[in-house]
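This is what each chain is made of:
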Amino acid sequence: MAFSLYVMFYPQLVAGPIERPQHLLHQFREHYTFEYNRATEGLRLMAWGMFKKIVIADRLALVVNSVYNFPEDHDGVSFSIATVFFAIQVYCDFSGYSDIAVGSAKVMGFKLTNNFERPFFSKTMSELWKRWHISLTSWCRDYLYLSMGGNKCSNLRGQFNLFATFLITGLWHGANWTYVAWGGLNGLLIIFASWTRQLRTQLFEGKFMESSPRIFKFYQVTVTFALFCLGVIFFRSSTLSQAIDIIARLHQGWWRILYLLIQNEWHFDDRYLLRLDESLQSLMVSVLLILFLFWIDFLQRAKGIETILTGTHWIVRWSSYFFIIFSLIFLGVYGENQFIYFQF
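Things to note about a nonpolar patch on the surface
Alright, step 1. A grouping of Trp314, Ile315, Trp318, Phe322, Ile325, Phe326, Ile329 and Phe330 is seen on the molecular surface, where their side chains present a nonpolar patch of about 910 Å² in accessible area.
Alright, step 2. By the element assignment, Ile329 lies in helix 15 (residues 314-330).
Alright, step 3. Ile329 gets classed as exposed once you look at its relative accessible area, which sits at 51%.

Describing the packing of helix 6 (residues 134-145) against helix 7 (residues 155-172)
Alright, step 1. At their nearest, the axes of helix 6 and helix 7 sit 10 Å apart, and the two run at 130° to each other. For the element pair helix 6 / helix 7, the angle class is oblique. The two elements helix 6 and helix 7 cross, and the hand of that crossing is right-handed. Here Leu136, Cys140, Leu144 and Tyr145 of helix 6 come into contact with helix 7, specifically with Gly158, Asn161, Leu162, Thr165, Ile168, Thr169 and Trp172.
Alright, step 2. Split by residue class, the contact of helix 6 with helix 7 holds seven nonpolar, four polar and no charged.

Examining the packing of aromatic side chains
Alright, step 1. By the definition in use, this model includes 32 aromatic pairs.
Alright, step 2. Ring centres of Trp129 and Phe166 lie 6.1 Å apart, and the angle between their planes is 75°; on these two criteria the pair is classed as edge-to-face. Taken together, the positions of Trp129 in helix 5 (residues 125-131) and Phe166 in helix 7 put the pair 37 residues apart, joining distant regions of the chain.
Alright, step 3. A residue is classified by how much of its surface remains accessible, and Trp129, at 10% relative accessible area, is buried.
Alright, step 4. Positioned above the aromatic ring of Phe298 is the side chain of Arg301, whose terminal nitrogen or guanidinium carbon lies 4.2 Å from the ring centre.

Topic: the nonpolar core
Alright, step 1. Residues Phe85, Ile88, Phe120, Trp129, Trp132 and Phe228 are the most contacted members of the largest nonpolar core, which totals 68 residues.
Alright, step 2. Per-element tally for this core: the top contributor is helix 4 (residues 76-108), with 16 residues.
Alright, step 3. Apart from residues no more than four positions distant in its own chain, Ile88 is found in contact with Leu60, Phe120, Phe225, Ile290, Leu293 and Phe294.

Calculation criteria
Numbering of residues begins from 1 in every chain and follows the order in which that chain's sequence is written. Only residues with pLDDT of at least 70 get local features here, since the model is predicted, and only at 80 or more are side-chain atom pairs given and counted; chain-wide, interface and lining totals rely on the full set of residues. The basis for every side-chain value is the complete set of non-hydrogen atoms in the structure, without hydrogens or water. Two joining distances apply to patches: 9 Å for like charges and 5 Å for nonpolar side chains (Val, Leu, Ile, Met, Phe, Trp, Tyr), and every residue must have over 30% relative accessible area and no salt bridge. Here the open area of atoms and residues is found with the Shrake-Rupley method and a 1.4 Å probe, where only the protein chains shown may cover a residue. Note on definitions: salt bridges are taken to be side-chain nitrogens of Lys or Arg within 4 Å of carboxyl oxygens of Asp or Glu. Put simply, DSSP marks the helices as runs of H or I at least four residues long and the strands as runs of E at least two long, and each gets a number from the N terminus on. For the exposure calls, accessible area comes from a 1.4 Å probe over protein chains only, and a residue counts as buried if that area is under 20% of its type's maximum, exposed if over 50%, partly exposed in between. Throughout, an axis means a line fitted to C-alpha atoms (over the contacting stretch in the case of helices), and angles, computed between N-to-C directions, take values from 0 to 180 degrees. Any angle that is under 35 degrees is reported as roughly parallel, and any over 145 degrees as roughly antiparallel; angles of 65 to 115 degrees are reported as roughly perpendicular and all others as oblique. Left-handed describes a crossing in which the near helix is turned anticlockwise from the far one by less than a right angle; the clockwise case is right-handed. Residues count as neighbours in contact if any of their non-hydrogen atoms are within 4.5 Å of one another. Nonpolar residues are Ala, Val, Leu, Ile, Met, Phe, Trp, Tyr, Cys and Pro. Charged residues are Asp, Glu, Lys and Arg, and all others, Gly as well, are polar. Each Phe, Tyr or Trp ring (for Trp, its six-membered ring) is paired with any other whose centre lies within 6.5 Å, and the angle between the two planes then decides the class: stacked below 30 degrees, edge-to-face above 60, tilted in between. Note on geometry: a ring has a charge over it if NZ (lysine) or CZ (arginine) is within 6 Å of the ring centre and within 35 degrees of the ring normal. Put simply, a nonpolar core is a bunch of buried Ala, Val, Leu, Ile, Met, Phe, Trp, Tyr and Cys residues held in one set by side-chain atoms that sit within 4.5 Å of each other.

Purely spatial values, then, with no claim about function.
This is the structure we're talking about:
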């Protein structure tokens, strides 16, 4: 009976978190009673997950789809905007689903794995992948990487094991060369970072880290996010040739924008300049939502949003509830927008 419940446990059935039997099976044998605080924390987490999915991810998808579905009509400016938006869209889409799954299980008394740990605050690609889709990356580490020998072998073989694990992880997302390239690129980036760590420390990072640690951390986080965005170009593109063509055209269009800014010929609502279907006002709303997301993620460095709200004044707490509700009503994008990870 417990095993049947484990297989059919609906909160994490479709896209995770990927729960291991030893973490979840014993919970089906325990007796649960209603706990008000636990239920309200779960509902708060579900509301935050719906906000990330409906208000942020689906809104960003409007720009992403308009660019990546018609790449021949765009240049480097719109590609750069759409790629950054897509990286955040994937994060909000999947972490939003995970929050809903974890929250709904929490309402019933079950504890699921935290699937995301503020990945865009990571300082290295290796750290990012330890914080992203934690239940999958830990599974790949234990059953793929360590099964092949991990790093308990020669340095070259250990790097091959890492690269092969990322290739297989990419293939897990779909039978398309773009996913394989995405996985392989992330593996190569981590391997390259390990090769150059000592050299970077000696030439640049050591002194910078000591003199300006906060600026250096911001630099690391920014570079890591930029490398992650480079990888998602392959993840979002339909073919390898399309991804390579987009990367080759990323430099285009920037001088045109700079020239028009200097000449003061850029009108605020001129959509053609960015080659996007969305108005600049709509883009500003998206940017503000992204900044709000990062601010909330920063606040969650010690504890989750559901726990943070528990300890706040009731005015702040209820204001947050109304903000989420009105955002879902007035800023949410509704339609046939399924969760991205449903396709994998």
